[in-house]
Amino acid sequence: MQKQLGFLVDLGKCVGCRGCEVACSNKHQLDHLQYRRIMNINKENQVLGFLSLACNHCINPECIRVCKEKCFYKRRDGVVLYNSQRCNGCQRCIGACPFQAPKVNPRTKKISKCDFCFEQLDQGLEPTCVASCIVGALQVIDIMQPIPVYAQEALPNFSITQFTKPSIRVILPRAPQCFWRKG
Amino acid sequence: MKQKSVVSRRTFLKGAAATVATVSFGGTFFDFIFSGLSPAVAAENSTVELFRNACPRNCYDTCAILSTVQDGVLKKVVGDPASTYTRGTLCAKGFSYTRSVYSPDRIKYPMRQIGRGSGNWQRISWDEAYTEIAQNMLRLKREYGSTLPICLNKYSGNFDIMHYGIEGMLTSIGNTTRATGTPCWPAGIDAQTFDFGTIVCNDPEDIVNSKYLIIWGANPAWCSVHSMYFVKEAQQRGCKVVVIDPILTQTASKADLYIQIKSSTDGALALGMARYILDHNLYDGEWLAKNSKGAEEFFSYLKNNITLEWAAEKTGIPQHIIEMLAREYATTKPANIWIGYGMQRHTNGGQNVRAIDALAAITGNIGKSGGGAQYAQLETWGFKYHAMSQSKPANSGGKEDRAININNFGAEVLNAQDPPIKMLWIACRGPMTQDPETAVVKKAFEGMDLVVTADLYMTPTVEMSDIVLPVTTAFETPGVNVSYWHYWLSLNEQAIKPMYESKNDVTIAMELSAKLNELEQGSCTFPTSGDLQEWVGKEFSEGIYKQFGIQDWQELKKGPVKAKSGLIAWQDGKFRTPSGKYELWSAEAEKYGHFPLPVYVEEMQSTDKYPLRCITPHWKLSIHSQFQNLDWMAAVNNEPHIEIHPKVAAKYHIKDNDSVKMFNDIGYITLPAKITETVSPDVVAVYETWYKNKKFNVNYTVKAIPADMGKKATGAPGIAFHDNFVAIQKM
Ligand code: SF4
Ligand code: SF4
Ligand code: SF4
C-alpha cells in the first residue's frame, strides 16, 4: 500500500477540551453517539494527558474481516468507510474493533462510524476534528511517509492495541516541573 | 426519481415524516434531522445560507461564529476565521449550539405553574401571560404606591448588548428594585481600579510577545481555550510559562513550571517576591519615578513587614522557589501576569490582586507589549445602550431605584422593607443553582406574589417560578457582542426563525408594555413596537465606530472587526486614578475602608469542625448553569465529582467513586469521590454547574461571605466563593 492516512495526536498540546469530540457531533449531527472520544491517560491518579481517539483506519481492519455483509471497505488512501445499506445490525464489528469505533445508531439499529470526513479530504480540506482543535493537537498524517522522530506508536501506561495496525501515532506529553505544597 | 428533484421544502417535510414512520423512531422532526440521516432529497432543492453569530455566554472568548443554515435549519457552527482570536474554531460548548437550539428540553411556550415547585405546568398564551404579569405589576403599584416591590435579577446568561433592554423594561415601569453587583469578579475590578483607575488588559493575542508568563489562578485550558493557542505559541517562541494555583489544572499541566500555593495566600507570595526584587535591586526605579505614586511607602512596608521566610511559611512554597520565581520574573523582559478570577474570590482577594499588580508595576512591565497585569477590559463596551436607556413614567411612585446586593440576593429580598419585594423578574440568570445559600434564595422565592422567569430550559430557577416565558437563543435573534478580554466586535445576525413560541427579551418588553398601557394608559414607557435589526443599529455610538474603524454597523455583516487602538493597556502612561499615576498608595482605597497600600490581609482559616476548603471552580463543559444540561454534554460527562487528595481520602477511608457527603452548617451534598493528587491536601474541589435531573448543587454549602472589594466599581463586593469550609464523610 502506498498511502495510509491516519492521525497524529500530540498529547503535549491536547488540553482535553473535547472540542474535537463535539465538533464531530456538530458536523455529523450525532445526538446519541460519538465517533471521537477523549480518553484520560492516568497513572496513580495523576492525569498524564488525554488521548483523542476515533476510528484508527487500521492497516488490517478487523471490522472488514468480521462483517459478513461486507459493509466496510478501504479506500486507496487507507480510509476505512462503511456503507449501511446491507447492515443487519449484528454488531459483530463492534465486538471485533479493539477501539469500539463502530457505533450503533440507537434509532436505526445500524452501524455508523468516523468516516475521516472523506468529502472534506477529497476537497483538500482537513477533517472537522483536526480543523477544530484550537491548540493544533490533531494532525492528518500518511503513516507510510516518514513521520516525526518524536512521534511513536505506543503510550506508557495506556496500551493501544496493535494487531490491527492502527494508523495512529502519538507525541508524548511533557510534564511541567512541579513544586507541590509543603505541609 | 424525477419527483424528488423538484420537492419543495413542504414535501420534504412530509417526506421526512414518512421516513420517520418507516424506520420507526419516535420524536419530532428535529429528532429526525439530528439522527444523522440527512435525507438525500433535501440536498437537491435546498438553500444554504451563512450567517455571522457570536457566542454571548459570559465567556472570555466571546467567539465570532459562522453558522450554516440549510432550509431554515441551523446545521453547523464553526468559529469565524475572520477573527484572529477565534481563529476558525469553537470550544466544545460552542460546537454544541446546533444541539441546544433544537434540544427537546427547550421551553416551547409560555406556561403557568399551579403551585410553585409543584411541576404542575399549564400551557398559556402569550396574551394570558402578559395579562397576568401586567395586572400584578399594576396591583402592586396601587397597593404600595410604587413599583419598588418589583425586583429584577438579571445578569450574565446573555451578554449581547441588546439584552440590556431587560433593564430598560424595568426602568420603563417606574422605580424598581435591582439586584446590583456582579458575582464573579468585583474584588479584582476594584483592586485594579485603585491601582490603574480602571480595568484594561493587553490584547490577549499579544501574549505571543511575552518572554515570561505567569498564569495566576486562571485556567484558560477550560475557560478561555482560544487563549491557550497564544500561550502555546508564546511557549514555542521561548516564553517560560508558570502556573500558580492550588489545583494542578489542565493549564498547569501544559506549563513549564507549576507552583502549588495555599489557597488565598497569593498576596503573600507576591509581596515576598516584591521584597526579593527590592532587596536585589531588580526593580525599575525609572519607571516608578515617572509613573507611580507611593513607591517609597510600598518599599518601606515591604522592608518592615515582609520577609521571604514569612512568605514561604504562609504560602507553603519553599523559599528558594519564591526567590527563583522573583528573580526570573524580574529579569526576563517582557514579563506578563494573567490574574484569574478564581484567585480573587476570597475575603482578601482584592488585596491579593493589588499585590500582584504591584509586582508588574515595580518591574516596569506595565504599558508594554508582552508585559502587563491582565485581568479584563471594558474598553470596547462603549455602546449607546439604547434598549437599556428608557425613561420612567411620570408619577409612578418612589424616588429612585432600590439596589439590593446580587451577591446576597436571598437574604436581601427577604429583608427588604418599605415596601417589601413581592414580585421577581428573572432573566439571563439562575439564582436557584448559582447563588450561594440556596436555601435562603428558595425562601425568598417562596415569599413572592409572583415570580416570572424568562429562560430556555426548565432550570431549578424556573421550577420555582409561577410563569415561565420561552426566550430565543442567539441564533434566533439579532444582537451585537464584545468581550471583556479580547478586542473584537461581532454582529450577531438572526440566522433562523424563533423556535416554537419563543421570543427575544426585547420583544417581550415591547409586548408587555403594550399590555400595561392597554390596562393603564401611560403605565409603561417602553416602545410597543420596533424592528430588532434597527434596534441593533441604535446601540452603536460614534465612539464605537471610531474605535473599530467602521462607518456603519452594517459593515459587520462582512465579518467581525478588531479595535484599532488601545491594544496595549496603559501604553500612554495616562492612568485613570485621581493622581493620574499608577497608585501603589491609593487614597481611594482608603476611602473604601482598605489600607492604602497593597498589604497582606490574613486569609480565612479552616476550623476543627470544617477542616477542608471547598473550591468551586468553573467546569469545562459549562458556563455556570449553561451547556452541561444538554444531552450532548451528558454523553461526554454526566456526573459531578468531589476531588480529594489521596492523603485526605486515606484518612477518611474513601476510595475512588465512593459516595461522599460534603457538609457544613448550612447544607450538604452527596457525590462520588475522585481521588487525585491534582488538588491540595487542604482543599476539595467541586466544579459548579447545573446537571439536568441531578440532585446536585454545590451552592447548598456555599455561604454568602463577601469578598473584600467590589463596592467602588460594581456597587457591591464580590462573593468569597472559595472561602467555603466543609467536612466530608464517607457514606
Ligand atoms: S480539540 Fe484538541 S485539545 Fe481539545 S480535546 Fe481534542 S485534541 Fe485535545
Ligand atoms: S475525521 Fe471526521 S468523522 Fe472522524 S472523528 Fe474526525 S470529525 Fe469525526
Ligand atoms: S463558550 Fe466561549 S470559547 Fe466556547 S464558543 Fe462560546 S465564547 Fe467561544
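Residues numbered from 1 in each chain as written. Chains lettered and ligands numbered in written order. Predicted model: local features only at pLDDT ≥ 70, side-chain atom pairs only at ≥ 80, totals over all residues. Heavy atoms only, no water.

## Structural notes on the overall build of chain A
Scanning chain A from N- to C-terminus turns up five helices and 11 strands. Computed over C-alpha atoms, the radius of gyration of chain A comes to 17 Å, within 12% of the 16 Å expected from 2.2 N^0.38 for 183 residues, which places it in the range of a compact globule. A buried classification covers 57% of the 183 residues belonging to chain A. Taking as baseline every contact in chain A between residues at least 6 positions apart, the subset at least 24 positions apart corresponds to 61%. For chain A, the accessible surface area stands at approximately 8400 Å², while carbon and sulfur atoms represent 51% of it. Between the centroid of the 25 positive side chains of chain A and the centroid of its 13 negative side chains there is a distance of 5 Å. (Helix = DSSP H or I, 4+ residues; strand = E, 2+ residues; numbered from the N terminus. Rg over C-alpha atoms; globule rule 2.2 N^0.38 Å. Buried < 20%, exposed > 50% of the residue type's maximum accessible area, 1.4 Å probe, protein only. Contact = heavy atoms within 4.5 Å. Areas by Shrake-Rupley, 256 points an atom, 1.4 Å probe, with all protein chains shown as cover. Lys, Arg positive; Asp, Glu negative; His and termini not counted. Charge placed at Lys NZ, Arg CZ, Asp CG, Glu CD.)

## A look at the pairing of strand β12 (residues 335-339) of chain B
Residue and element names in this part refer to chain B. For β12, the buried fraction is high: five of the five residues fall into the buried class. Here β12 runs beside strand β13 (residues 373-374); their pairing, made up of two bridges, is parallel. Its bridge partner lying in β13, Ile337 is registered against Ala373. Handedness of the β12-helix α17 (residues 349-362)-β13 crossover: right-handed. (Pairing = 2+ DSSP bridges. Right-handed = clockwise from strand over helix to strand, strands pointing away.)

## Details of the site of ligand 3
Taken together, Cys55, Cys59, Asp61, Thr62, Cys63, Leu90, Cys91, Gly94, His226 and Ile623 of chain B make up the full set of residues near ligand 3. Partitioning the shell around ligand 3 into residue classes produces six nonpolar, three polar and one charged. (Near = heavy atom within 4 Å. Nonpolar A, V, L, I, M, F, W, Y, C, P; charged D, E, K, R; others polar.)

## A closer look at the packing of aromatic side chains
Geometry of an aromatic ring pair is reported as the spacing of the ring centres plus the angle between the planes. Residue and element names in this part refer to chain B. For the structure shown, the criterion picks out 41 aromatic pairs over all chains. A ring pair is formed by Tyr341 and Tyr375, whose centres lie 4.9 Å apart and whose planes are at 80°; its orientation type is edge-to-face. Placement of Tyr341 in the loop between β12 and α17 and of Tyr375 in the loop between β13 and β14 (402-405) is noted, with a sequence separation of 34 residues between them. This pair shows no difference in class: Tyr341 is buried, exactly as Tyr375 is. Members of the aromatic cluster, each reached through a chain of ring pairs, are Tyr60, Trp185, Trp338, Tyr341, Tyr375, Tyr484 and Trp485. Here the guanidinium or amino end of Arg87 rests over the ring plane of Tyr229, the centre of that ring lying 3.3 Å away. (Phe/Tyr/Trp six-rings, centres within 6.5 Å; stacked < 30°, edge-to-face > 60°. Lys NZ or Arg CZ within 6 Å of the ring centre and 35° of its normal.)

## Brief notes about the sheet that holds strand β19 (residues 488-492) of chain B
Two pairing modes exist for strands in a sheet, parallel and antiparallel, and in both the strands are linked by backbone hydrogen bonds. Residue and element names in this part refer to chain B. Strand order in the open sheet made by the three strands is β18-β19-β20, with antiparallel pairing throughout. Whereas interior strands pair on both sides, the edge strands pair on one side only; in this sheet they are β18 (479-482) and β20 (561-562). Two elements, β18 and β19, share four bridges in a ladder whose sense is antiparallel. If you follow Val480 over to β19, its bridge partner there is Leu491.

## Some thoughts on the interface of chain A and chain B
Taken together, the 40 residues of chain A in the interface contact 57 residues of chain B. Between chain A and chain B, a total of about 4300 Å² is buried, with carbon and sulfur atoms accounting for 56% of that surface. The interface formed by chain A and chain B holds two salt bridges in total. Here chain A and chain B share 15 residue pairs in polar contact (both at pLDDT 80 or more) between them. Of all the secondary-structure elements, those providing two or more residues to the side of chain A that touches chain B are α1 (19-28), β3 (46-53), α5 (128-132) and β11 (177-179) of chain A. Examining the composition of the side of chain A that touches chain B, we find that seven residues originate from one element, α1 of chain A, more than from any other. (Buried area = accessible area lost by both parts, 1.4 Å probe. Salt bridge = Lys/Arg side-chain N within 4 Å of Asp/Glu carboxyl O. Polar contact = N/O pair within 3.5 Å; in protein donor to acceptor, adjacent residues only side chain to side chain.)

## Side note on the domain arrangement of chain B
When cut into domains, chain B gives domain 1 (111-183 + 394-474 + 491-552), domain 2 (202-374 + 572-591) and domain 3 (612-730). A straight line from the C-alpha centre of domain 1 of chain B to that of domain 2 of chain B covers 40 Å. (Domains from an automatic or database assignment.)

## Observations regarding empty space enclosed by the protein
Residues and elements named next belong to chain B. All told, the structure shown has 17 cavities of 30 Å³ or more when counted by the stated rule. By volume, the largest cavity amounts to about 670 Å³. Contributions of two or more residues to the lining of the largest cavity are made by α6 (97-100) and β16 (450-455). In terms of residue class, the lining of the largest cavity is built from 15 nonpolar, 20 polar and seven charged. Two domains each provide a minimum of three residues to the lining of the largest cavity, namely domain 1 (111-183 + 394-474 + 491-552) and domain 3 (612-730). (1 Å grid on protein atoms, 1.4 Å probe; cavity = no way out; pocket = protein on both sides within 12 Å on 5 of 7 lines; lining within 4 Å. Points joined across faces, edges and corners; volume = space filled by probe spheres on them.)

## Observations regarding the nonpolar core
Residues Leu51 of chain A together with Trp216, Trp425 and Leu489 of chain B are the most contacted members of the largest nonpolar core, which totals 275 residues. The dominant element in this core, judged by the number of residues it contributes, is helix α12 (residues 266-279) of chain B, at nine residues. In this structure, Val66, Phe72, Cys87 and Ile111 of chain A belong to the second largest nonpolar core, which totals 12 residues. (Core = buried A, V, L, I, M, F, W, Y, C linked by side-chain atoms within 4.5 Å.)

## Quick look at the confidence of the model for chain B
All names here are of chain B. Averaged over chain B, the pLDDT score is 93; the fraction of residues at 70 or greater is 94%. A low-confidence stretch, residues 1-42 (pLDDT under 50), is modelled with 53 contacts involving residues beyond four sequence positions or located in other chains. Interface confidence for the predicted complex, given as ipTM, is 0.90, next to a pTM of 0.92. (pLDDT = per-residue confidence, 0-100.)

## Focus: the UniProt feature "domain: 4Fe-4S Mo/W bis-MGD-type" (unreviewed entry) in chain B
According to UniProt, the "domain: 4Fe-4S Mo/W bis-MGD-type" (unreviewed entry) feature falls on residues 48-105 of chain B. Its end C-alpha atoms 26 Å apart, residues 48-105 of chain B is made of 14% helix and 36% strand. (UniProt positions renumbered as here; feature names shortened; annotations may be inferred.)

## Some remarks on the site of ligand 1
Neighbouring residues of ligand 1: 13 residues in total, closest Cys14, Cys17, Arg18, Cys20 and Cys133 of chain A. Residues that form the shell around ligand 1 fall into these classes: nine nonpolar, three polar and one charged.

## So, the sheet that holds strand β5 (residues 121-123) of chain B
Residues and elements named next belong to chain B. Across the sheet, eight strands lie side by side as β5-β4-β17-β16-β15-β6-β7-β14; this open sheet has mixed pairing. Either end of the sheet is taken by a strand with one partner, and the two such strands are β5 and β14. Going from strand to strand, the sheet's axes swing by 20° on average, the running direction of each strand aside. Inspection of the sheet shows strand β4 (residues 111-113) paired to strand β17 (residues 467-470) by two bridges, in the antiparallel sense. Paired with Arg112 across the bridge in β17 is Ile467. Taken strand by strand, helix α7 (residues 126-144) contacts β4, β6 (150-154), β15 (423-427), β16 and β17, and its axis lies near 130° from that of β17. (Axes fitted to C-alpha atoms, helices over the stretch in contact; angles between N-to-C directions.)

## Some thoughts on the pattern of salt bridges
All names here are of chain B. This model, assessed by the stated rule, comprises 43 salt bridges over all chains. Lys314 is paired through a salt bridge with Glu602; the nearest N and O atoms lie 2.7 Å apart. Here the residue Lys314 occupies a position in helix α15 (residues 308-315), and Glu602 occupies one in the loop between α25 (587-591) and β22 (612-615), the gap between them amounting to 288 residues. Looking at Lys314, the relative accessible area reads 15%, which means it is buried. Assessed through its relative accessible area of 48%, Glu602 is described here as partly exposed. With a closest N to O distance of 3.8 Å, Glu643 and Lys674 form a salt bridge. Taken together, the positions of Glu643 in strand β23 (residues 642-644) and Lys674 in strand β25 (residues 667-675) put the pair 31 residues apart, joining distant regions of the chain. Taken together, the shared-partner salt bridges connect Lys262, Lys314, Glu602 and Glu603 into one network.

## Focus on the environment of Thr265 of chain B
All names here are of chain B. Along the chain, Thr265 falls in the loop between β10 (257-260) and α12. The sequence separation of Thr265 and Tyr600 amounts to 335 residues, and the corresponding C-alpha distance is 8.6 Å. If we skip the residues at most four places from it in the chain, Thr265 touches Lys314, Thr315, Asn352, Tyr600 and Glu603.

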